[in-house]
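Chain residues, written in single-letter form:
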Amino acid sequence: MSLAVNCRNLKKRYGDVVAVDGLSFSVSRGECFGLLGPNGAGKTTTIEILEGLLTPDDGEVDVLGLRWKTHEHELRQRLGIQLQETQFTDKLTVEETLRLFRSFYDRGPTVSDLLARVELEAKRRSWVVKLSGGQKQRLSIACALAGAPDLLFLDEPTTGLDPQSRRQLWSIMGRFRENGGTVLLTTHYMDEAQTLCDRVAIVNRGRVIAMDTPQALIASFGTPTRVVHEGTLEDVFMSLTGRQLRED
Amino acid sequence: MKTEATGRLASTEPRASSGTYHPLVELTLARLREFLREPEAIFWTFFFPIVMSVMMAIAFPAGAARPVRVAVERSSAAIEPSSATGARDTLKASLTAERHIVVRDIPPGDELRALRNGEVDLIVVASHPPTYRFDPTRDESRLARLVVDEALKRATGRPDPWQANDETIAIPGSRYVDWLLPGIIALGVMNNGLWSIAFVTVQARLKKLLKRLAASPMRKRDFLMAPIVARLVFLAPEVGIPLAFGALVLGTPIRGGLASLGIVAVLGALAFGSLGLLIASRVRTFEAINGLMNLATVPMWVLSGVFFSATNFPGWAQPVIQALPLTALVDAMRGVVLEGATLVDLRGELATLATWAVVPFAIALRIFRWR
Ligand SMILES: Nc1ncnc2c1ncn2[C@@H]1O[C@H](COP(=O)(O)OP(=O)(O)OP(=O)(O)O)[C@@H](O)[C@H]1O
Ligand SMILES: [Mg+2]
């Protein structure tokens with residue numbers, strides 16, 4: 001099976017801070033892969049290297065079997081990208097924003113189709129500035145879907161959303177995957193990773209410290225001795241990355 | 001729905017049927033919509049030139065020659081205060097009778113202040129013979145001295161050696177206000193071009209929108225060209241409104257062709273759009289863009305001959321001054337409006353503007369910071 005993403009030994013430093021420190025993993029086509037890790041672990045840096053927005057200091061990246069250096073335009077046509085902190089233009093409507101993004105791609109769904117997929121038809125004539133957090137996030141996903149991508153990068157797509165909005169996003173992703181799409185996402189919600197991801201990598205201080213299916217990771221940790229609840233991915237995460245907050 | 005049943009690839013359609021235009025058109029439309037939904041921006045673009053023109057109309061009423069304004073001061077040399085006051089009143093009366101002289105009532109002791117702040121052009125001290133107090137570096141003061149002296153001599157009965165025949169003709173377009181108007185329009189093209197483009201660019205960078213766009217297959221050139229193209233849409237009213245105001249209210253003649261004027265304005269807008277992009281190409285804060293913008297525009301306000309002729313600056317500075325885009329635009333506008341210059345006459349200015357339209361854009365495209 002061909003790989004959607006394959007990265008080997010990625011390194012990126014900002015001055016004294018080593019953001020990514022020899023990170024390797026691969027994602028198969030059709031898979032949903034999760035990058036988990038505490039704040040500052042290097043998830044965004046990693047995903048932006050894969051998206052061709054940052055150049056790594058070291059290491060190699062293949063995306064859809066192509067290299068950024070030689071196939072940038074083709075890759076951009078085939079990737080859907082949602083960044084952690086984009087704000088769209090306040091005074092454009094949802095529909096206008098989607099039209100704009102749709103115009104960049106050679107092929108893809110129509111604007112009405114995109115609106116339907118993220119259930120924003122009722123808001124098509126609202127200004128972006130007037131949308132709720134969940135609606136903004138759905139617009140962001142719709143923009144990522146505008147070119148009918150083969151691979152979707154989602155950086156914390158559900159952070160700050162209420163449970164209903166999160167589930168709505170999950171079903172959008174589910175639909176994308178049913179049609180053969182590959183997803184690489186980061187999240188701080190362990191239940192989300194457990195529900196959505198075929199495999200996860202837990203990243204700490206720029207390194208992968210564990211990588212497997214959520215079930216295997218939970219199993220490898222053993223059932224908690226005092227069975228209050230079944231083991232969850234959250235248990236695995238907490239004991240691997242420690243309970244203290246990251247101040248740095 | 002068809003698309004959901006048949007899957008991802010089947011639901012994709014080429015651009016022609018997606019209902020969207022070329023990216024450059026969509027980017028330009030987005031820019032225009034954003035602008036039209038920003039009331040302040042509209043105000044500054046369209047009403048500022050009108051306000052400016054109205055103020056000019058008030059300051060320089062059509063057809064009236066400005067009289068010279070004087071203050072009359074009591075002589076302190078006289079021994080008797082009452083005779084000094086009498087001499088002052090006589091002198092005042094003979095000056096007031098003159099058509100081209102206005103005698104301002106300045107409280108005694110305040111005359112120098114009035115001269116300093118331009119309320120009067122000349123102080124006439126009622127001594128015998130009269131004393132004139134003025135600053136010879138001010139043209140209007142020297143003129144006032146000549147007019148007053150002539151009037152007073154005539155009042156004392158000096159015989160005129162002759163009575164010259166004055167042939168007064170009104171030459172449209174030779175007044176200061178006529179000269180000023182094209183400069184003000186050029187200034188508007190510069191300010192609107194630089195500010196609208198730079199501000200929006202920095203804002204998009206702060207919102208990480210630039211990064212998101214760079215992550216899409218959008219061509220960078222399209223993005224950078226869009227705000228400049230959008231500027232051209234508003235250029236006609238921006239230049240046309242103050243020009244029409246000048247022609248209809250102030251009586252400024254428009255001697256050149258409108259097509260030439262249009263080409264000059266478009267080249268000017270392209271030049272400043274391109275410069276605005278370059279200025280904003282790497283900046284990440286509004287403070288920094290303010291500073292850079294002032295650094296770029298303030299010298300041109302002074303040097304480029306908007307308010308007074310650029311020829312006032314020494315010869316060694318001229319090559320630099322003539323190379324500035326505002327100088328080229330001001331000169332070309334004046335050439336078309338006041339002298340009826342053709343595009344061939346203006347080839348030097350047009351070449352300068354074209355260079356400013358191309359070079360900063362090319363540099364901006366290379367060094368532009370998308371994050
Ligand atoms: N542009 C930058 N300049 C300097 N340091 C940076 C920069 N971007 C990231 N870093 C540092 O690199 C490290 C990794 O950051 P990154 O944003 O990749 O973490 P993350 O895992 O995405 O965190 P979060 O969960 O908070 O989004 C952090 O220590 C961060 O401070
Ligand atoms: Mg992050």
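Draft legend 1. The arrangement of the overall build of chain B in detail. Of the regular secondary structure elements, chain B holds 15 helices and 5 strands. On C-alpha atoms alone, chain B measures out to a radius of gyration of 29 Å, which is more than a quarter above the 21 Å that the 2.2 N^0.38 rule sets for 371 residues. For chain B, the spread of C-alpha atoms along the three principal axes comes to 110 × 45 × 40 Å. Here chain B holds 371 residues, and 45% of them are scored as buried. A fraction of 74% describes how many contacts in chain B between residues 6 or more apart in sequence connect residues 24 or more apart. For chain B, the exposed area adds up to about 18900 Å²; of that, 64% sits on carbon and sulfur atoms. Separation of charge centres in chain B, based on 40 positive and 31 negative side chains, amounts to 14 Å.

Draft legend 2. Highlighting the coordination of the magnesium ion (ligand 2). All names here are of chain A. Coordination of the magnesium ion (ligand 2) by the protein involves Thr44 (OG1) and Gln84 (OE1), with metal-donor separations of 1.8 to 2.2 Å. Taken together, the residues span a long stretch of sequence, with Thr44 in helix 1 (residues 43-50) and Gln84 in the loop between strand 5 (79-82) and helix 3 (94-103) at a distance of 40 residues. Thr44 gets classed as partly exposed once you look at its relative accessible area, which sits at 24%.

Draft legend 3. Examining the pattern of salt bridges more closely. All names here are of chain A. Taken as a whole and judged by the stated rule, the model has 37 salt bridges over all chains. When the shortest N-O distance is used, the salt bridge between Arg67 and Glu60 registers 3.6 Å. Looking at Arg67, the relative accessible area reads 36%, which means it is partly exposed. Among the charged side chains, a network of salt bridges with common partners joins Arg8, Glu60, Asp62 and Arg67.

Draft legend 4. Seen up close, the interface of chain A and chain B. With 46 residues of chain A at the contact, the number on the chain B side is 38 residues. Of the roughly 3900 Å² buried between chain A and chain B on both sides combined, carbon and sulfur atoms contribute 53%. Across the chain A-chain B interface, the total number found is 8 salt bridges. For the interface between chain A and chain B, the tally reads 14 residue pairs in polar contact (both at pLDDT 80 or more). Residue assignment for the side of chain A that touches chain B shows that the elements contributing at least two residues are helix 2 (68-78), helix 3, strand 6 (107-108), helix 4 (111-117), helix 5 (133-145) and helix 6 (163-178) of chain A. Per element, the largest residue contribution to the side of chain A that touches chain B is 6 residues, and it comes from helix 3 of chain A. Looking at the side of chain A that touches chain B, its residues break down into 19 nonpolar, 12 polar and 15 charged.

Draft legend 5. Spatial organisation of the pairing of strand 1 (residues 3-14) of chain A. Residues and elements named next belong to chain A. Examined bridge by bridge, strand 1 and strand 2 (residues 17-28) share 9 bridges and lie antiparallel to one another. Note on strand 2: the bridge partner recorded for Lys12 is Val20. Linking two consecutive strands that pair antiparallel, namely strand 1 and strand 2, is a turn of 2 residues; a positive phi of about 60° is found at Gly15 within it. Direction of pairing for strand 1 relative to strand 4 (residues 58-63): antiparallel, over a ladder of 5 bridges. Bridged to Arg8 within strand 4 is Glu60.

Draft legend 6. Just a nonpolar patch on the surface, in detail. All names here are of chain B. Together, Phe43, Trp44, Phe47, Phe48, Val51 and Met55 make up a nonpolar patch on the protein surface, roughly 600 Å² of accessible area in all. Relative to the assigned elements, Phe47 resides in helix 4 (residues 39-59). For Phe47, a relative accessible area of 42% translates into the label partly exposed.

Draft legend 7. How the structure looks around the environment of Arg104 of chain B. Residue and element names in this part refer to chain B. By the secondary structure assignment, Arg104 is in the loop between strand 3 (101-103) and helix 6 (111-116). For Arg104, a relative accessible area of 32% puts it in the partly exposed group. The sequence separation of Arg104 and Ala71 amounts to 33 residues, and the corresponding C-alpha distance is 5.4 Å. With near-sequence residues (within four places) excluded, Arg104 lies in contact with Arg69, Val70, Ala71, Glu119 and Val120. A distance of 2.9 Å separates a polar side-chain atom of Arg104 from the backbone oxygen of Glu119.

Draft legend 8. Examining the confidence of the model for chain B more closely. Taken residue by residue, chain B gives an average pLDDT of 86. The fraction at 70 or more is 91%. In the predicted complex, the global pTM is 0.82; the interface-specific ipTM is 0.90.

Draft legend 9. Inspection of the domain arrangement of chain B at higher detail. In terms of domains, chain B is made up of domain 1 (19-59 + 175-367) and domain 2 (68-155). A C-alpha centroid distance of 47 Å is found between domain 1 of chain B and domain 2 of chain B.

Draft legend 10. Expanded view of helix 12 (residues 286-303) of chain B. Residues and elements named next belong to chain B. Compared with the 26 Å implied by 1.5 Å per residue over 18 residues, the 26 Å span of helix 12 between its first and last C-alpha is a close match. Maximal helix bending in helix 12 amounts to about 25°, located at Leu295; proline Pro299 follows within four positions. Of all the positions in helix 12, only Ile289, Met293, Thr297 and Met300 are classed as buried. At its buried positions, helix 12 is contacted by helix 8 (176-206), helix 11 (258-280) and helix 14 (325-339). Trailing helix 12 by a residue or two, Gly305 shows a phi angle of about 80°, which is positive.

Draft legend 11. Region of interest: the side chain of Arg102 of chain A. Residue and element names in this part refer to chain A. Structurally, the position occupied by Arg102 is in helix 3. Accessibility expressed as a relative area gives 0% for Arg102, which makes it buried. Within the local environment of Arg102, its side chain forms a polar contact with the backbone oxygen of Gly108, the two atoms lying 3.2 Å apart.

Draft legend 12. Representation of the site of ligand 1 within the structure. All names here are of chain A. Inspection of the region around ligand 1 gives 14 residues, with Asn39, Gly40, Lys43, Thr44 and Thr45 positioned closest. Here an oxygen atom of ligand 1 sits 2.6 Å away from a polar atom, N or O, in the side chain of Thr44. Listing elements by their share of the shell around ligand 1, those giving two or more residues are strand 2 and helix 1. Tallied by class, residues from the shell around ligand 1 come to 5 nonpolar, 7 polar and 2 charged.

Draft legend 13. Here's a closer look at the nonpolar core. Counting 65 residues, the largest nonpolar core has Leu98 and Leu139 of chain A together with Phe223 of chain B as its most contacted members. Looking at this core, the element that brings in the most residues is helix 5 of chain A, giving 6 residues. When neighbours within four sequence positions are excluded, Leu98 of chain A is seen to be in contact with Val111, Leu114, Leu115, Leu139, Ala142 and Cys143 of chain A. Judged by nonpolar contacts, the second largest core, of 49 residues, contains Ala198, Leu275, Val336 and Leu346 of chain B.

Draft legend 14. The packing of helix 11 of chain B against helix 15 (residues 347-367) of chain B, seen in detail. Residues and elements named next belong to chain B. Between helix 11 and helix 15, whose axes approach to 8 Å, the crossing angle comes to 30°. Classified by the angle between their axes, helix 11 and helix 15 sit roughly parallel to one another. Our pair here, helix 11 against helix 15, has a crossing hand that is left-handed. Facing helix 11, whose interface residues are Val264, Leu267, Gly268, Leu270, Ala271, Ser274, Leu275, Leu277 and Leu278, helix 15 presents Leu350, Leu353, Ala354, Trp356, Ala357, Pro360, Phe361, Ile363, Ala364 and Ile367. Taken together, the residues of the contact of helix 11 with helix 15 break down into 17 nonpolar, 2 polar and no charged.

Analysis parameters
Residues numbered from 1 in each chain as written. Chains lettered and ligands numbered in written order. Predicted model: local features only at pLDDT ≥ 70, side-chain atom pairs only at ≥ 80, totals over all residues. Heavy atoms only, no water. Helix = DSSP H or I, 4+ residues; strand = E, 2+ residues; numbered from the N terminus. Rg over C-alpha atoms; globule rule 2.2 N^0.38 Å. Buried < 20%, exposed > 50% of the residue type's maximum accessible area, 1.4 Å probe, protein only. Contact = heavy atoms within 4.5 Å. Areas by Shrake-Rupley, 256 points an atom, 1.4 Å probe, with all protein chains shown as cover. Lys, Arg positive; Asp, Glu negative; His and termini not counted. Charge placed at Lys NZ, Arg CZ, Asp CG, Glu CD. Donors = N, O, S within 2.8 Å, 3.2 Å for Na, K, Ca; no water. Salt bridge = Lys/Arg side-chain N within 4 Å of Asp/Glu carboxyl O. Buried area = accessible area lost by both parts, 1.4 Å probe. Polar contact = N/O pair within 3.5 Å; in protein donor to acceptor, adjacent residues only side chain to side chain. Nonpolar A, V, L, I, M, F, W, Y, C, P; charged D, E, K, R; others polar. Pairing = 2+ DSSP bridges. Patch = residues over 30% accessible without salt bridge, like charges linked within 9 Å, V, L, I, M, F, W, Y side chains within 5 Å. pLDDT = per-residue confidence, 0-100. Domains from an automatic or database assignment. Expected span 1.5 Å × (residues − 1). Bend = angle between axes of the 7 residues up to and from the residue. Near = heavy atom within 4 Å. Core = buried A, V, L, I, M, F, W, Y, C linked by side-chain atoms within 4.5 Å. Axes fitted to C-alpha atoms, helices over the stretch in contact; angles between N-to-C directions. Parallel < 35°, antiparallel > 145°, perpendicular 65-115°, else oblique. Left-handed = near helix turned anticlockwise from the far one by under 90°.

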